[in-house]
Structures are given as structure tokens and as C-alpha cells.
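Descriptive analysis of the structure
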Amino acid sequence: MALDRRGFMKFVAGGTAGIMASPLPWKLLDDVSIWTQNWPWIPRNIDGTTEFVHTVSKLCPSAVGMKVRTVSGRPVRAVGDPDHPLSLGGISAVAAAEVQMLYSPARMKRPLRRAADGAYVAITWDEALAMLEEQLSAVKGSGDKLACLSGDDNGTINEVLSGLLAKAGSSNFFLMPGEAQPAQRAWELMGGQGQPGYDFENSDYVLGIGANILESWGPAIRHRHFFSVAHPHGEEPAVRYVYAGPVQNNTAAGADQWLPIKPGTEAVFALGLAHLLIKKGAVANVPDFGDFRAYTAEFTPAKVASLTGVDPKALSRVADELAAASRPLVVTGSEFDQGAGAATAMAGFAVNLLLGAASVKALPVADSAVQGAMSRARMLRQDFIAYLSRINAGKAPAPQVLIVHEANPAYALPQADDMAKVMEKIPFKVSFSTFLDETAMMCDLVLPVPMGIERQDDVNTPYGCGQVTYCMAQQVIEPLVDARPAGDVLLSTAARLGMDLGHRSFESVLKAKAAAIGANYRKVSAGTPYVSKAALPLTGLALRPDVLKQTVSLSSPAEPFAIAPVHKLNIGTSNTATPPFNTKTIRRWELQGDEFYVMMNAATARKLGVKQHDAVSLSNKDGSIRARVNIFEGVMTDTVAVLLGFGHTAFDEFSKGKGANVMHLLTAGFEPVTGLSVWNRAGVNIAKA
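Figured I'd write up the structure that's included with this text. Since this is a predicted model, take the numbers as computed values, not measurements.

This part is about the nonpolar core. Buried together is how nonpolar side chains tend to be arranged in soluble globular proteins. Within the largest apolar cluster, 130 residues are counted, with the highest numbers of intra-cluster contacts made by Phe200, Leu207, Tyr241, Phe269 and Phe432. The contact partners of Phe269, leaving out residues within four places of it in the chain, are Leu207, Ile209, Ala244, Leu259, Ile261, Val304, Thr308, Val310 and Leu315. Of all hydrophobic cores here, the second largest spans 61 residues; its members include Ala564, Met600, Trp679 and Ile686.

Right, here's the structure in full:
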């Protein structure tokens, strides 16, 4: 029988209706949906008991106290801990990503050795320890042929590292540059005892000069809590926050007032305030007050305005408000948390002394827990950039062995390329690192370190606190990779080399440290922080105008535009790069694809003849970077703001090759008198690319 078109259509329609009416296709669809949910690569919820472990982040430089939620013992999320004194319920973007970073594609999974052809070869821990022992044995007792750099700002691991160097006969132990070093140097020059502390919680007026106190300066999450309490929704602020800096960063955006000032002029701004306060009758009960008053007389509002760019009337209003406050607090620093000299901190402390210093404290510092270890004060006097510069100039021999502990100097130091070249002169370099970062890629031996929630570690009174605080990171989970804690590795290696540090395990070190501080080890190791309101007397202080005269810089960069680096924790730190989960928090006009943006205001853009999204080249004698333009009125005229955290050449696909590293444009100079390296005042030429 012939089938015409009409018949064919009837046949197809009838067949389709029959199939749809039968249960067969629906059963197949149901089976497929079930099968696809059971494929092994599909994530699944974990069933089991939910618990919270109280700990502190070793990944975030703000030392955030947090609770890690576990389900059947597996960590699934980090949240703020309202009972922890370093965060009071808040959490940073870095700490919030700490659980996910356990599975970062950039994690070191096993020890690596650099082969003769430059490639890395996986080795066993026995082979790695033998290699480390051989190199340390070769330099033992030979003076300064061994050096060490630590990226842990406040952990007792630094006592193990510096004690090991002392036993080997070396004094070349260094911390990565930060805010604590110039502040401690200034504090000592002014006769201060212990560690300077800042009482944010009891202040009724907070002025940040450069210091990015609500984003990255000190325990910033703790500061955010007090800021939030002082700014109840819908009500007048109980505490006035004012920020002076070149960019409307997160602190400036939240503050009650932002005062734009040029990068690197924080000390001049503070001395201008001191001049106005003294004119209003402020005095400091110190022997050199008369000399200080004579010195600051030159910092008139007109002169300060010409040097910093601040509105003279605004400067006077701030001086009036400070004088009227009961417990004012002035905090100084670098807008990107590094590179400022002691002069900035000295000028800030001087203003606090003129205001009565009710919100500044001298915190006691506990004795070292490791035999031969450096004191905290001595660690902060050591300058790694100055050390590398002496080596580069031929004024000091390069060490034969360099230990790098959780630090990334090849990326995070100014003149990064030059610093990397100096490091290449060191014959043997070993990195204790969680991630395969730029520095680890330069080392001969790379030893994986567990994440903070995979090990026991400690945090001792971060710089910026107002009280002694000691707490511990708890081991929430066994390491997911073949990693070992650096403390245990170094102690066992020292013992095999006959160098007695007084401890056989890092747990023993932590117990001794807790005892030295006066903390109950059982409690702090269970997640209860130790807090003490003990303070040393603020006696014997001086304003040191003799030092300020020589250290305060009144010059400007030779280039026509100033650089203002900006630090945002969500983009990462020098040690962590951008956590994969944080890529969603990077804004459209900060990064698009592999291109990143620099910020300038409309007046600067008109002067350059550029508009939004144009490509520009930033250059000076140290290097050049390429970027797109984002017009943003929260930047001073003739200033370009550049985000830190981009331009990695290592880590993973979420950070590698994204944007450029502004550290290539920053040059380290040296502050007179103190000799500290400084790099917070740099200029740049800008041209349309």
C-alpha cells in the first residue's frame, strides 16, 4: 500500500502520541537523572555530626579568630568567632576562603628537588631531610653563611628559626617587611618599652594617617567590629573616624571623613597637626618638648598644604576635633602596609603624646621560649631589603644557604626583579611553603607545609592590638597532602646536627611559650584565647625632634605622577595570591580577563588625554607595567592608584598572568639615622599605550 504525505504525517503523529502516552520515555528520563547524580565527580553533601572548632587563621595577615564547621570531622566552612578577641565575630575574605584553599590547585603536595635541568622532581621526605641536613651541616659554625626569612609576623616559629641560626653561628634572621618594624624602631628611639599598642575600643576619636585600619592594618577585622559598634544604623556615630590618604580605599570609604593627601607625606601631615595642637596649648611632659615645639613651628597649615595637598581648613578642623576629644587615637602607617620609615610612626606617636596618650599603650613582651632565639625587638630591627642591598653592592657576602619560611620575597619586595637576581646568587635555597609561589619556584628544595587548619600553631599579640593576646591555630584535619609542620622538621634536623634548641617537638615550644606569657596551655590549645590587660608604664619617653629633622622627607618624586598602591585582602596577600572563590569579588573595573585597571581621577585623565578603558603604560627607571584606565574620583589629582596582588607568575590559573605587579615600579631607599629601607614614595611616567 502506497503511503502518501498525508498518511505519513498521520503515522508520525500517531506514533509520537503513542510514545508520549506510554511510561517508557518518562522512566528513561528518570533513570538518566538518577544516573547522572551518581557520577563520581558530582559533589555530595556530607551526612554526619556538625561541630565547630575554634581556631585562628594563619593564612590571613589580620590573624582572624574563626570557627571552622566540620561535618563528620571534615571542614566545610569557616565563619567568624564572636568570642575571639582578634575578630569579635567578623571574618576576612582570606580567612573565609581557608577551607576551600585546602583544595587549591597551587598547593604543594610533596617535597620537590630542583634537578640539573631546572625541572622539579618529586622526592620522599627522607630524601628531602637528608638534603636539608647536608646543606645545614656544611654551614654549621661558619658564621653568617646561613640566612633565613620568615613570612610569619607573630608566630613562635620565628624563635625556632632564629634559634637554629644562632646555633649555626649566624645572626641573619629576618622578617618580611611590614608595619611593625618601623613602628618598633620609632618606639625604641622615643624611649618606649615593650610593644606599642592601640586602644581602639575605648577611643572616642580615631584618625588614621595612611594606615588602612579597616582593611589591612593590624587586626583589621577587630577594628571593623569597633567601627561597626560606633556607627549604629540610623544613628549618629558615637566615635568619629577620619582617614587621611591618597586614595578612597575601604577605610576612607567607611570613615566619617576622608582627607586626600599625597602618598608618602603622612609624617608631614602629622607634624602639621602637632604644630596646630601646640598652638592650642597642647604640651607633652617630656624633656625635649621645647625643641619639638620649635621644630614643628615650620609646619604651618600653608606649608603642610603645599607638601601634602591637604586643605588647610580641613587640617585645622581635624586639629580642633582631636583637641576636643577625651580619648583620641592617631594611627600612622603606609596605605599599603609596608615601605614607611620610622619617621611616620614617630610623628604619629608624638601627636598622641601631645593629646595625652590615653589610647596608646606599652604592651609587655614575653621572653623567648627557644634557646638562643632572638628577642622580638631584635627581630624587628633586622632589615631584609638592606641585607640584600648590601649583598648586591658587594658590601656583604651572599649566604651559602637561605631558608625561606612561608614568605614570597621574589614577588612581594620592591624592585622584585633586582631582589630575585640577588637571591639567585645564593647557592642553595630551601622554601617551606604551602603553595608553589614565585620564591618556591626559585628554590633548590621545596618542602610542603600544612595549611593553618591542618597544624597546631600560634599567634602572639599582632602589631596593632591594644592588649596582650595569645591564641592557637588548632589542627582541624590531618594534612590532605604529604606535608609536615616546619617547626617539627627544623627541630628534628637541628637535633640530628647536634644543635640543642631545648625542645624536641614544636608542641613543646608552644607549651613553653604559653608558660612564658602566663597563659594556660590547656585552655589556649583548646581554642580559648589568652588576653591580658597588663601594660608597661609610659615613662622615659621623648619626642626626638633631632631624629625627625633628619628622617622626615620633604622632597617629591622626580616623575610627574605619584603611585599609590592599594591593598585589598580579597585579592590575596603575597603568600596566598587570589583564592579561587574570591575571584567573584574582584570588580569589573579592577580586572577583565588578564588585563587589570589602574585608577585616576578625571582631572588626571584629562591631563593625560586618556579616557575610561584606554590602555596606558606606567614606567620609571625601575620598570614598566601596562594597564587599562578606570576613572575614579576617589584618587588625588596627579596620582595613580594601583592594586596590589596582581601580576603573579606562579600559583594557579586564577592568579597567574592576571594583571601586573606594581612592586616592579617601587624603589627602596634608606631612611637617614635609622637605616630602614623605605619605598612608599614613588613616581611614575604615564603614557597612552
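Right, picking up where we left off after that structure.
A few words now on unusual backbone geometry. A positive phi angle, near 55°, is found at Leu88, a position not held by glycine. Tracing the backbone through its elements, the reader meets Leu88 in the loop between β3 (74-80) and α3 (93-96). Residue Leu88 is classed as partly exposed on the basis of its relative accessible area of 23%. Of note in the backbone geometry, Asp337 takes a positive phi value of approximately 70° without being a glycine. For Asp337, the position within the fold is in the loop between β12 (328-332) and α13 (342-354).

Within a sheet, adjacent strands bond to each other through the backbone by hydrogen bonds, running parallel or antiparallel. Pairing is mixed across the open sheet formed by 7 strands, whose spatial order is β5-β4-β16-β15-β14-β6-β7. Edge positions in the sheet fall to β5 (120-122) and β7 (172-175), since each has one partner strand and no second. This sheet shows a mean twist of 15° between the axes of neighbouring strands, independent of strand direction. Where strand β6 (residues 146-150) meets β7, 4 bridges bridge the pair, whose relative direction is parallel. Across the sheet, the residue bridging to Cys148 is Phe173, located in β7. Each of β6 and β7 touches helix α15 (residues 384-392); the most contacted strand, β7, lies at about 130° to it.

All buried positions along helix α11 (residues 301-308) are accounted for by Pro301, Val304, Ala305, Leu307 and Thr308. As for α11, its buried residues are in contact with α9 (266-279) and α12 (312-324). Gly309, located one to two residues past α11, shows a positive phi value of around 90°.

Next up on the list: helix α4 (residues 125-139). Here α4 is 15 residues long and its end C-alpha atoms lie 21 Å apart, about the 21 Å a rise of 1.5 Å per residue gives. Residues Trp125, Ala128, Leu129, Met131, Leu132, Leu136 and Val139 constitute the buried set of α4. The buried residues of α4 occupy one face: seen down the axis, they fall within an arc of 160°. In α4, the exposed residues that point more than 90 degrees away from the buried face are Asp126, Glu134 and Ala138. After α4 finishes, the residue Gly141 shows a positive phi value of roughly 75°.

Roughly 570 Å³ of volume is contained in the largest pocket. Taken together, 33 residues make up the lining of the largest pocket; nearest its centre are Ser553, Ser555, Val678, Asn680 and Arg681. Listed by contribution, the elements that provide at least two residues to the lining of the largest pocket are α9, α13 and β26 (669-670). If one sorts the elements of the lining of the largest pocket by residue count, α9 sits on top with 3 residues. If you add up the space inside the second largest pocket, you get close to 410 Å³. Taken together, 26 residues form the lining of the second largest pocket, with Val365, Ala366, Arg376, Asn460 and Lys513 sitting closest to its centre. Those elements that provide at least two residues to the lining of the second largest pocket are α5 (157-167), α14 (376-381), α19 (506-517) and β19 (530-532). If you tally residues by element for the lining of the second largest pocket, the top one is α19, at 3 residues. The residue makeup of the lining of the second largest pocket, split by class, is 11 nonpolar, 10 polar and 5 charged.

We now examine the packing of α5 against helix α18 (residues 486-496). Relative to each other, α5 and α18 sit at 25°, their axes nearing to 10 Å. With respect to their mutual orientation, α5 and α18 come out roughly parallel. As for the relative orientation of α5 and α18, their crossing is left-handed in sense. On α18, the residues touching Ile157, Val160, Leu161 and Leu164 of α5 are Ala486, Gly487, Leu490, Leu491 and Ala494. Grouping the amino acids of the contact of α5 with α18 by side-chain chemistry returns 8 nonpolar, 1 polar and no charged.

Reading the values: the criteria
- All chains use their own residue numbering, which begins from 1 and follows the written sequence.
- Residues qualify for local features only when their pLDDT is at least 70, as the model is predicted, and side-chain atom pairs are given and counted only at 80 or more; totals for whole chains, interfaces and linings, by contrast, use all residues.
- Side-chain measures were taken over the full set of non-hydrogen atoms in the model, leaving aside hydrogen atoms and water.
- Residues grouped as a nonpolar core are buried Ala, Val, Leu, Ile, Met, Phe, Trp, Tyr and Cys residues, joined through side-chain atoms within 4.5 Å.
- The classification of residues rests on relative accessible area computed with a 1.4 Å probe and restricted to protein chains. Under 20% of the type maximum is buried, over 50% is exposed, and intermediate values are partly exposed.
- Note on contacts: a residue pair is in contact if any heavy atoms of the two residues lie within 4.5 Å.
- Here a helix means four or more residues in a row that DSSP labels H or I, a strand means two or more in a row labelled E, and each is numbered from the N terminus.
- When DSSP locates at least two bridges between a pair of strands, those strands are taken to pair.
- Lines fitted to C-alpha atoms define the axes here, with helix axes fitted over just the stretch in contact, and angles between the N-to-C directions of these axes take values from 0 to 180 degrees.
- In a helix, the anticipated span is given by 1.5 Å times the number of residues less one.
- Throughout, the arc means the angular range of directions from the helix axis out to the C-beta atoms.
- Grid points spaced at 1 Å and placed over the protein atoms alone form the basis of the search, with a cavity being a set where a 1.4 Å probe fits but cannot get out and a pocket an open set showing protein on both sides within 12 Å along at least five of seven lines. Lining residues have an atom within 4 Å of a point.
- Grid points are joined across faces, edges and corners, and a volume is the space filled by probe spheres set on the points.
- Side-chain classes are defined by residue name, with Ala, Val, Leu, Ile, Met, Phe, Trp, Tyr, Cys and Pro counting as nonpolar, Asp, Glu, Lys and Arg as charged, and the others, Gly among them, as polar.
- Roughly parallel means an angle under 35 degrees; roughly antiparallel means over 145; roughly perpendicular covers 65 to 115; every other angle is labelled oblique.
- Throughout, a crossing is termed right-handed when the near helix is turned clockwise from the far one, and left-handed when it is turned anticlockwise from it by less than a right angle.

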